Amino acid sequence: MYGIFMECWDIFKQYGGNGYLLALFVASLIYLLIAEKDNRKRLVIAVAPLMVLVGFFIPLTRKVYVRVLSDGGDTYYRLMWLIPIGACIAYAGCKLFMNHKRIGLVAVSAAIILCGSLVYKNENMFKAENAYHIPQLVVKICDVIRPEETEPRVRAVFPSELLQYVRQYDTNILMPYGRDIIHWNYYNAVHEAFENTEVINAEELLEATRQAQCRYIVMHESKEIDVSLEEMGLTLVDNVEGYNIYEDAEYVQ
């Protein structure tokens, strides 16, 4: 049970980023539990979020969540989405500075800004290239491998820099691991063979991708590999802006 609790704690810390905004939320929650006298408002803005927060750390909650949902181990953090963090902080600020609204606006705004980070400094922020607001490169690659309407979904291996965009564009393309592996660093055989090595061992990679039932492998042409995937029986379908798209005939319908 202690191990499960620590897993929940790690998820909570990662969800909170630098932690300052979560600390501000907890302080706001405590203040509202004490200061809010209207029971209906306190139930919605303080008691309910506290129950979700406490429930999140209870090992039994995680065990049930993982048992019910097939991907529960990877999506447990989404319970945090039920907590209205922004609304709690804003309401607490309004209540605290009810008689000094202008001062409160400046103080609360400053607290939120200082506790957060500038989104435009994120490496994934760039000028929109299309209506999907994802790199056009990803759109082009997905258009090559996406299944027809009458075909089943396909599974493909993508390099880390493209992971987070694929399913934003087409949910019919599955992957053996998602962007969470970059931050949580859990073990995945395909990722281990594809990313965690300077020179890819083709035999180990194909063993892992075939166990994961991957039809396609998307790999930048500069990536080193000991044996060409074409020599291993795969077909080079296309090259999109330096990314080779290989198809494994074993999974061609």
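Residues numbered from 1 in each chain as written. Predicted model: local features only at pLDDT ≥ 70, side-chain atom pairs only at ≥ 80, totals over all residues. Heavy atoms only, no water.

1. Observations regarding the overall build of the protein chain
And then number 1: Per the secondary structure count, the protein chain includes 12 helices and 7 strands.
And then number 2: For a compact globule of 253 residues, the expected C-alpha radius of gyration is about 18 Å, and the protein chain comes in at 23 Å, more than 25% above that figure.
And then number 3: Across its three principal directions, the C-alpha atoms of the protein chain cover 75 × 45 × 40 Å.
And then number 4: Across the 253 residues of the protein chain, 36% fall into the buried class.
And then number 5: Taking all contacts inside the protein chain whose residues are at least 6 apart in sequence as the whole, residues at least 24 apart take part in 56%.
And then number 6: Within the protein chain, one finds 23 positive and 31 negative side-chain charges whose respective centroids are separated by 20 Å. (Helix = DSSP H or I, 4+ residues; strand = E, 2+ residues; numbered from the N terminus. Rg over C-alpha atoms; globule rule 2.2 N^0.38 Å. Buried < 20%, exposed > 50% of the residue type's maximum accessible area, 1.4 Å probe, protein only. Contact = heavy atoms within 4.5 Å. Lys, Arg positive; Asp, Glu negative; His and termini not counted. Charge placed at Lys NZ, Arg CZ, Asp CG, Glu CD.)

2. Quick word on the sheet that holds strand 2 (residues 173-174)
And then number 1: Pairing in this open sheet of 5 strands is mixed, and the strands run 2-1-4-7-6 from one edge to the other. Single-partner strands in this sheet number two, and they are strand 2 and strand 6 (235-240).
And then number 2: Here 5 bridges tie strand 4 (residues 216-220) to strand 7 (residues 243-247), and the two strands are oriented antiparallel to one another. Counted as the bridge partner of Tyr216 is Glu247 from strand 7. (Pairing = 2+ DSSP bridges.)

3. Comments concerning helix 12 (residues 202-211)
And then number 1: What helix 12 keeps buried is the set Ala202, Leu205, Leu206, Ala208 and Thr209. Each buried residue of helix 12 lies within a common arc of 165° when the element is viewed along its axis, so the set occupies one face. Looking at helix 12, the residues exposed on the side facing more than 90 degrees away from the buried face are Glu203, Glu207 and Gln211.
And then number 2: On its buried side, helix 12 packs onto strand 1 (154-157), helix 11 (189-194), strand 3 (199-200), strand 4 and strand 5 (224-225).
And then number 3: Structurally, the start of helix 12 carries an N-cap: the backbone nitrogen of Glu203 is 3.1 Å from a side-chain oxygen of Asn201. (Arc of directions from axis to C-beta. Polar contact = N/O pair within 3.5 Å; in protein donor to acceptor, adjacent residues only side chain to side chain.)

4. Considerations on the layout of surface pockets
And then number 1: In this model, the second largest pocket occupies a volume close to 250 Å³.
And then number 2: What lines the second largest pocket is simply Val119, Asn122, Asn124, Met125, Phe126, Ala128, His133, Gln164, Tyr165, Gln168 and Arg179.
And then number 3: Within the lining of the second largest pocket, the residues separate by chemical class into 5 nonpolar, 5 polar and 1 charged. (1 Å grid on protein atoms, 1.4 Å probe; cavity = no way out; pocket = protein on both sides within 12 Å on 5 of 7 lines; lining within 4 Å. Points joined across faces, edges and corners; volume = space filled by probe spheres on them. Nonpolar A, V, L, I, M, F, W, Y, C, P; charged D, E, K, R; others polar.)

5. Observations regarding the packing of aromatic side chains
Two descriptors summarise a pair of aromatic rings, namely the distance from one centre to the other and the angle between the planes of the rings.
And then number 1: According to the stated counting rule, one finds 9 aromatic pairs in the structure shown.
And then number 2: Ring geometry for Phe12 versus Phe57: centroids 5.2 Å apart, planes at 65°, classification edge-to-face. Within this pair, whereas Phe12 is found in helix 1 (residues 2-15), its partner Phe57 is found in helix 3 (residues 39-57), the two being separated by 45 residues in sequence.
And then number 3: For Phe12, a relative accessible area of 9% gives the class buried.
And then number 4: Their ring planes at 20° and their centres at 4.8 Å tell us that Phe56 and Tyr76 sit as a pair that is stacked. Of the two residues, Phe56 sits in helix 3 while Tyr76 sits in the loop between helix 5 (72-75) and helix 6 (85-96), which places them 20 residues apart along the sequence.
And then number 5: Among the residues examined, Phe56 registers a relative accessible area of 1% and is labelled buried.
And then number 6: Chaining the aromatic ring pairs together yields one cluster made of Phe5, Trp9, Phe12, Phe56, Phe57, Tyr65 and Tyr76. (Phe/Tyr/Trp six-rings, centres within 6.5 Å; stacked < 30°, edge-to-face > 60°.)

6. Some details on a negative patch on the surface
And then number 1: On the surface, Glu203, Glu204, Glu207 and Asp226 cluster together into a patch of negative charge.
And then number 2: With respect to the helices and strands, the residue Glu203 is situated in helix 12. (Patch = residues over 30% accessible without salt bridge, like charges linked within 9 Å, V, L, I, M, F, W, Y side chains within 5 Å. Areas by Shrake-Rupley, 256 points an atom, 1.4 Å probe, with all protein chains shown as cover. Salt bridge = Lys/Arg side-chain N within 4 Å of Asp/Glu carboxyl O.)

7. Side note on the environment of Gly55
And then number 1: With respect to the helices and strands, the residue Gly55 is situated in helix 3.
And then number 2: For Gly55, a relative accessible area of 15% corresponds to the buried category.
And then number 3: Once residues within four sequence positions are removed from consideration, Gly55 is found in contact with Thr61 and Tyr76.

8. Focus: helix 4 (residues 59-68)
And then number 1: Within the sequence span of helix 4, burial applies to Pro59, Arg62 and Tyr65. An end-on view of helix 4 places all buried positions within 130° of arc, on one side of the element. Residues of helix 4 that are exposed and angled more than 90 degrees away from the buried face: Leu60, Arg67 and Val68.

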